[in-house]
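Fold and contact review
Each chain, letter by letter, is given below.
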Amino acid sequence: MVNVAHTLENLHHESRSFRPHAAFAAHANATSYEYKKAGVDRLQYWREAALRLAWRQPFTEILDWSDAPVARWFHDGTLNACDNAVDRHVREGRGDRVAFHFVGEPGDTETLTYSDIHERVQKAANGLVALGLGKGDRVAIYLPQIPEAVVAMLACARIGAIHSVVFGGFSAESLRQRIDDAEAKLVITADGGNRRGAHLALKPLVDEALASHGEGTAHPEPCASVEHVLVVRRTGQETAWTEGRDVWWHDAVDPQPAEHEPEWVEAEHPLFILYTSGTTGTPKGLFHTTGGYLTGAAHTHRIVFDLKPDDVYWCTADVGWITGHSYIVYGPMINGATQVLYEGTPNTPHEGRWWEIVEQFKVTILYTAPTAIRTFMKWGEAIPQQFDLSSLRLLGSVGEPINPEAWMWYRRVIGGDRCPIVDTWWQTETGAIMISPLPGVTATKPGSAMTAMPGVCVDVVDDAGRPVPNGEGGYLVITEPWPSMLRGIWGNRHRYVSTYWNHFDGMYFAGDGAKKDVDGDLWLLGRVDDVMNVSGHRLTTTEIEHSLVAHPWVAEAAVVGASDEVTGQAVVAFVIVRGDAHGVPEDGDEVAAALREHVRHQIGSLAKPRTILVVSEVPKTRSGKIMRRLLRDVAEDRPTGDVTTLADPSVMDAIRTGLEAGT
Ligand code: PRX
C-alpha cells in the first residue's frame with residue numbers, strides 16, 4: 001500500500017497526463033468556451049448560470065458586495081429551492097423520470113419518480129405547517145440515508161424553513177449542541193437505520209439529546225427550543241415515546257393533502273445551516289442562502305459531471321454532509337438527474353456491494369471519496385472485476401487529496417481506462433466545486449484537481465499574501481466572491497470574518513495548502529490548520545482534546561492527525577493520566593479502550609481515536625503551545641524533528657522511551 005504523506009511530498013515527480021478522449025469531448029456539456037466566457041465577464045457568466053433556475057420574480061442585480069465579506073447574489077429575485085428541484089420537472093413534463101433508485105442495506109428497493117417526490121414533498125410540507133413550522137424556523141434533520149431525508153430537506157425548503165442536517169453518526173451530545181445553536185423547533189428523525197446488518201437506533205439519541213444532561217454538565221436543562229420530534233418508521237424497532245412531543249411521520253405527513261403552494265423566498269433567504277469543524281473546539285454553523293447556492297450547485301453539477309437525461313448518477317456521500325446537500329439533493333435534482341441512493345456500507349453483506357449496485361442500475365457517473373477507493377484497493381481488484389462496470393462513463397473524487405496510485409487504480413480498475421476522472425476540490429464553505437478538471441475539456445494528471453472552475457478565481461499565495469510562481473506552494477485562497485459562497489456563521493459575523501477574511505486582505509482563506517506545478521496546475525496538499533481530514537470528514541484536534549480532558553482520568557490530552565494508508569489521516573491521541581484519579585486500570589490498553597468509547601459517546605463514532613497513547617508529558621513551546629508536529633513524528637514513527645523551541649527538549653526522549661517500555 002501507498003503512504004499518503006510520502007506520496008504527497010513527492011507529487012512533483014508525477015508527470016503522467018491524460019488528454020480528453022475525442023469521443024467524450026464531442027458530446028460534453030462543457031467546452032473551452034466556458035473559460036473564455038467567464039474570463040471576459042465573470043458576473044455575466046454567473047448571471048447566465050442563474051437564469052437556468054426557475055425564478056418567481058426575476059433578479060435585476062447580479063452581485064452586491066457593498067457589505068463585504070457578506071455577499072448578496074441575485075438578491076432582488078425570488079424563487080423556491082423545492083420548486084426548482086421537483087415541481088419544475090413535473091410542470092415541464094418530466095414527472096415520470098426516475099429521481100431515485102433507493103437501495104436499502106437489507107436489500108429493499110424503491111423507485112421514486114419526480115412526480116412521486118412531488119406528492120411526498122407537498123404532503124410533508126403540509127405536515128410541517130400543521131406542526132407550526134413556517135418561514136425562517138430551523139429544523140434539525142437526523143435521519144439515515146433514506147428517501148425521507150431528501151423529502152424532509154426539500155419540504156423545509158418548500159415552506160421557507162431552514163434545515164440543519166446532522167449526520168446520523170454524531171452523538172446525542174453533538175446533536176444537542178447543534179440543535180441549541182440553531183434553536184431548532186423541530187427534529188426529524190427515524191426509529192433507526194440499517195448499518196452493517198444491524199438496526200442502529202437513532203430516536204433514543206434524540207431523546208438523550210433533548211433531555212437534561214444533569215447538574216454540572218453543559219446542558220443542565222432540557223432543550224428549550226424543540227416543540228416536536230417527527231419520527232420516520234424505518235426499522236420497526238421499539239421506540240420510547242414522549243406524548244405530545246413525538247409524532248410519527250406516517251400520522252403527521254401521510255394523510256396530508258398533496259397540494260402545497262411553495263413559499264417564494266428572496267434569493268438571500270437562508271436555505272440551510274450545516275455544522276463543520278473549525279479550528280476551535282465548537283463546530284461552526286455555516287449557512288448558505290437560496291439563489292446563489294442553487295446556481296453554484298446546479299451549474300457545477302451540469303458541467304463537471306456532464307449530466308445527460310439518460311445518465312444514472314450515484315454520489316455515495318451521506319446527505320448529512322455538504323456533498324450530499326449539493327450533489328445528491330440540490331444540484332442533481334435541479335438538473336433532473338436519475339440517481340442511486342444507498343443506505344448502507346460498502347461491505348454489507350459483501351465487499352462487492354457497490355459494484356453489484358453499479359451493475360444492477362447501470363450507473364454511468366460515480367462520485368466518491370479517495371478513502372473508499374483506497375479501501376477497495378486493499379480488498380483487491382478481483383472483487384470489482386466480478387461485476388459488469390461497463391456502464392460507467394465518468395468518475396469523480398472528493399473530500400481529501402487523492403494520491404496518484406489511488407487515482408490510477410480508480411481509472412484502470414473501476415473506469416476501465418476509458419472514464420475521465422474529475423478530482424473536485426471544494427468545502428462546506430464554498431457550497432459547490434471550486435477546482436476541478438472539466439471532462440472533455442481539461443487534460444488530467446493523477447493527483448491534481450487541475451484548475452479553477454470557470455467564473456471562480458483562486459490563487460496560491462505565500463505568507464505575505466503574494467501569489468507564488470509556478471513550481472511553488474503556499475496557501476490556497478479565493479480572490480473574488482462566488483455565488484455559492486457561505487454567507488456566514490450562524491449568529492456570529494465576527495467569527496466569519498476572522499476565520500476566513502483576516503488572514504489575507506480581501507481574500508478568502510481556505511485553510512488548505514496547495515502547489516502550482518510548472519504548468520500552473522493545482523495540487524491540493526491538505527489542511528494547514530488544526531483541522532484533520534479522516535476518511536474525508538473534517539475533525540478538529542481541539543474538539544477531541546476537549547472531549548478527552550472532560551473524562552475524569554485525563555489530566556491533559558494532545559491530538560494529532562497522523563497519515564493513514566486508508567483513511568488519509570487518523571486520529572492519534574496522547575493522554576496524560578491524572579495522578580489522583582481513582583479506578584484507572586493498570587493496563588494502558590484498557591485506558592485507551594475506555595477513552596475511545598468516551599469520545600464516541602461525546603462526539604460520535606467518526607471522531608474515535610485510532611490510537612491512544614498514555615504518556616507522562618507532551619511537548620510544549622516555552623509559551624505553552626503543544627507542538628503537534630513532534631507528536632506527529634512519533635505517531636508516524638519517524639525520527640523526531642527540530643526540538644530547539646521546546647521548553648524542555650528531553651520530553652521527546654521521555655515519550656519515546658515510555659512508549660517503548662509499554663507504559
Ligand atoms: O482540505 C480540503 C478537503 O476537505 C476540506 C473540506 O471539507 P468539508 O467542508 O467537509 O467538505 C468536504 C467535501 C467537499 C477541504 O478544506 N478536500 C475536499 N476536496 C478535496 C480536498 N482536498 C484535496 N482534494 C480534494 N478534491
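Thresholds, definitions, all that
- Residues numbered from 1 in each chain as written.
- Predicted model: local features only at pLDDT ≥ 70, side-chain atom pairs only at ≥ 80, totals over all residues.
- Heavy atoms only, no water.
- UniProt positions renumbered as here; feature names shortened; annotations may be inferred.
- Near = heavy atom within 4 Å.
- Polar contact = N/O pair within 3.5 Å; in protein donor to acceptor, adjacent residues only side chain to side chain.
- Areas by Shrake-Rupley, 256 points an atom, 1.4 Å probe, with all protein chains shown as cover.
- Helix = DSSP H or I, 4+ residues; strand = E, 2+ residues; numbered from the N terminus.
- Phe/Tyr/Trp six-rings, centres within 6.5 Å; stacked < 30°, edge-to-face > 60°.
- Buried < 20%, exposed > 50% of the residue type's maximum accessible area, 1.4 Å probe, protein only.
- Lys NZ or Arg CZ within 6 Å of the ring centre and 35° of its normal.
- Axes fitted to C-alpha atoms, helices over the stretch in contact; angles between N-to-C directions.
- Left-handed = near helix turned anticlockwise from the far one by under 90°.
- Contact = heavy atoms within 4.5 Å.
- Nonpolar A, V, L, I, M, F, W, Y, C, P; charged D, E, K, R; others polar.
- pLDDT = per-residue confidence, 0-100.
- Pairing = 2+ DSSP bridges.
- Core = buried A, V, L, I, M, F, W, Y, C linked by side-chain atoms within 4.5 Å.
- Salt bridge = Lys/Arg side-chain N within 4 Å of Asp/Glu carboxyl O.

As annotated in an unreviewed UniProt entry, the protein carries the name Acetyl-coenzyme A synthetase and comes from Demequina mangrovi. One UniProt comment on the protein, placed under Catalytic activity (unreviewed entry), says "acetate + ATP + CoA = acetyl-CoA + AMP + diphosphate". Check the Sequence similarities (unreviewed entry) section of the UniProt entry for the protein; it says "Belongs to the ATP-dependent AMP-binding enzyme family."

Another aspect to go through is the site of the ligand. Near the ligand you find 17 residues, and of these T424, T428, D512, R527 and R538 are the closest. In this structure, an oxygen atom belonging to the ligand sits 2.8 Å away from a side-chain N or O atom of R527. Separating an oxygen atom of the ligand from a side-chain N or O atom of N533 is a distance of 3.5 Å. Across the complex, the protein chains shield 96% of the 540 Å² of accessible surface that the ligand would expose by itself. Secondary structure elements with two or more residues in the shell around the ligand: α12 (322–334), β20 (421–424) and β25 (522–527).

Let us now look at the packing of aromatic side chains. Enumeration according to the criterion identifies 33 aromatic pairs in this entry. On the numbers, 6.3 Å between centres and 85° between planes, the contact of W314 with Y342 is edge-to-face. Note that W314 is positioned in strand β16 (residues 312–315) and Y342 in strand β17 (residues 338–342), a separation of 28 residues in sequence. Grouping residues by exposure puts W314 and Y342 together as buried. Sitting over the face of the ring of F18, R411 holds its NZ or CZ atom 3.9 Å from the ring centroid.

In this model, A68 is joined to P69 through a cis peptide bond whose omega is 5°. The topology assignment puts P69 in the loop between β1 (63–64) and β2 (72–73). Of note, the bond from T348 into P349 is cis; its omega dihedral lies within 30 degrees of zero at -5°. Structurally, P349 can be placed in the loop between β17 and α13 (353–361).

This part takes up the packing of helix α17 (residues 541–549) against helix α18 (residues 588–602). Angle between the axes and distance between the axes are the two parameters that describe a pair of packed helices. Remark: α17 packs on α18, axes separated minimally by 9 Å, with the N-to-C direction vectors making an angle of 115°. Crossing of α17 over α18 shows right-handed handedness. The segment α17 lies against α18, with I544, S547 and L548 engaging L595, H598, V599 and Q602. Considering only residue class, the contact of α17 with α18 consists of four nonpolar, three polar and no charged.

Model confidence for the protein is summarised by a mean pLDDT of 94, while 97% of its residues fall at 70 or above. A low-confidence stretch, residues 1–7 (pLDDT under 50), is modelled with 14 contacts involving residues beyond four sequence positions or located in other chains. Across the assembled chains, the prediction reports ipTM 1.00 with pTM 0.94.

Glancing now at the pairing of strand β11 (residues 228–232). Counting buried positions along β11 yields five of five residues, so the element is predominantly enclosed. Across the two faces of β11 the burial is the same, with H228, L230 and V232 and V229 and V231 all buried. One ladder, built from three bridges, connects β11 with strand β12 (residues 246–248); its direction is parallel. Considered in β12, the bridge of V231 is made with W248.

Here the focus is the nonpolar core. Judged by nonpolar contacts, the single largest core of 118 residues is most densely connected at L154, I188, L230, F305 and Y330. With 10 residues, the single largest contributor to this core is helix α7 (residues 147–159). Excluding anything up to four places from it in sequence, Y330 contacts A81, M153, L154, A157, H163, L271, Y293, L294 and H325. Among the nonpolar cores identified, the runner-up in size contains 42 residues, and V166, V226, M532 and V575 belong to it.

Under the criterion given, the structure shown has 45 salt bridges. As a salt-bridge pair, K284 and E429 come within 3.9 Å of each other at their nearest N and O atoms. Taken together, the residues K284 in strand β15 (residues 284–289) and E429 in the loop between β20 and β21 (458–461) connect sequence positions 145 residues apart. The exposure class of K284 is buried, given its relative accessible area of 3%. Judged by its relative accessible area of 1%, E429 falls in the buried class. Between D517 and K445 there is a salt bridge; the shortest N-O distance is 2.7 Å. Of this pair, D517 sits in the loop between β24 (508–516) and β25 while K445 is found in the loop between β20 and β21, placing the two residues 72 residues apart along the sequence. Assessed through its relative accessible area of 9%, K445 is described here as buried. Put simply, K203, D207, R245 and D246 are held in one network by salt bridges that share partners.

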